[in-house]
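# Understanding the architecture of this molecule
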Amino acid sequence: MDIRTLQKPLKDQYRSDPKASQITIRAKGGQTDVPITCSVDIGRAIYQAEAHQGVGGAGAGACSGDLLLGALAACAQITCQMVATAMGIPTERIEVTVEGDFDLRGTLGIAKDVPVGFESIRLHFDVVAPAATPDQLRALREKTEQYCVVMQTLKQPPILQSEWGW
């Protein structure tokens, strides 16, 4: 696949009409019969989510932390694949593993000194590209990290607004 050819008309359009590059992505949570589960509608698919087993969930479905780490893994994986393809770096394998640590005492409200949410997140890129030069691999890392939307969003959080309707 020629990524540059695929993206050229899009880049040309966005250069000539910057407003065309501005998008809004929406996800909507929906209530279920059980307070520890919900549905998440992203417009193209509906996912079932549940509370983590450590806070009372059954442990059979993805929790919100799984979905966050999954979004990061998917974004990093696809970005790395696209960058390698665009740069002409032949790869035998690209796999991204994401792990995150948090202390459930924070989200359960039983330890005020423990933060709610992830305290650390680690990405591991397993890239097998025997024909790539060290310079190509450095550039692959730099560009992948630069253009991974979810990684950059977590590194530099956007303005987050909360609105409640009664």
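Notes on the structure in this doc start here. (Residues numbered from 1 in each chain as written. Predicted model: local features only at pLDDT ≥ 70, side-chain atom pairs only at ≥ 80, totals over all residues. Heavy atoms only, no water.)

## Regarding the packing of helix α2 (residues 64-87) against helix α4 (residues 134-147)
Selection criterion: Axes, fitted as lines to C-alpha atoms, cover a helix only where it is in contact. Angles between the N-to-C directions of the axes lie from 0 to 180 degrees. Starting at the N terminus, helices and strands are each numbered in turn, a helix being any DSSP run of H or I of at least four residues and a strand any DSSP run of E of at least two. Should an angle fall under 35 degrees it is called roughly parallel, over 145 degrees roughly antiparallel, and 65 to 115 degrees roughly perpendicular, with every other angle called oblique. Should the near helix be turned anticlockwise from the far one by less than a right angle, the crossing is left-handed, and should it be turned clockwise, the crossing is right-handed. Throughout, a residue-residue contact means that at least one pair of heavy atoms, one from each residue, lies within 4.5 Å. Residue polarity follows a fixed list, in which Ala, Val, Leu, Ile, Met, Phe, Trp, Tyr, Cys and Pro are nonpolar, Asp, Glu, Lys and Arg are charged, and the others, Gly among them, are polar.
Relative to each other, α2 and α4 sit at 135 degrees, their axes nearing to 9 Å. Relative to α4, the element α2 lies oblique. Between α2 and α4 lies a crossing whose hand is right-handed. Contacts from A76, T79, C80, V83, A84 and M87 of α2 reach α4 at Q136, A139, L140, K143, T144 and Y147. Residues belonging to the contact of α2 with α4 are distributed by class as follows: eight nonpolar, three polar and one charged.

## Observations concerning helix α1 (residues 3-16)
Just so we agree on the cut-off: Helices are assigned an expected span. That span is 1.5 Å times one less than the residue count. The angle separating two fitted axes, one through the seven residues that finish at a residue and one through the seven that start at it, defines the bend at that residue. Throughout this description, a polar contact denotes any pair of N or O atoms lying within 3.5 Å of each other; where both atoms belong to protein, one of them has to be capable of donating a hydrogen while the other can accept it, and for residues adjacent in sequence the pair is counted only when both atoms sit in side chains.
Taking 1.5 Å per residue, 14 residues should reach 20 Å; α1 reaches 20 Å between its end C-alpha atoms and fits that length. Its maximal kink placed at P9, α1 deviates by approximately 30 degrees. The N-cap of α1, judged by a side-chain oxygen 3.2 Å from the amide nitrogen of R4 a few residues on, is D2.

## Things to note about the packing of α1 against α2
Packing of α1 against α2 brings their axes to within 8 Å, and their N-to-C directions diverge by 105 degrees. Considering the angle they form, α1 stands roughly perpendicular to α2. Together, I3, R4 and Q7 of α1 and M82, T85, A86 and M87 of α2 make up the contact between the two elements. When the residues that make up the contact of α1 with α2 are grouped by side-chain class, the tally is four nonpolar, two polar and one charged.

## As for the packing of aromatic side chains
Here is the rule we go by: Planes of paired rings set the category: under 30 degrees apart is stacked, over 60 is edge-to-face and the rest tilted, where pairs are Phe, Tyr or Trp rings (Trp by its six-membered ring) whose centres lie within 6.5 Å. Whether a residue is buried, partly exposed or exposed follows from its accessible area with a 1.4 Å probe, protein chains only, as a fraction of its type maximum: under 20%, in between, or over 50%, in that order.
The tally for this structure, following the rule as stated, stands at two aromatic pairs. Centroid distance F102 to F118: 5.0 Å. Interplanar angle 80 degrees. Geometry classified as edge-to-face. Here F102 is found in the loop between β4 (93-101) and α3 (104-107), whereas its partner F118 is found in the loop between α3 and β5 (120-128), with 16 residues between them in sequence. With relative accessibility at 26%, the residue F118 sits in the partly exposed group.

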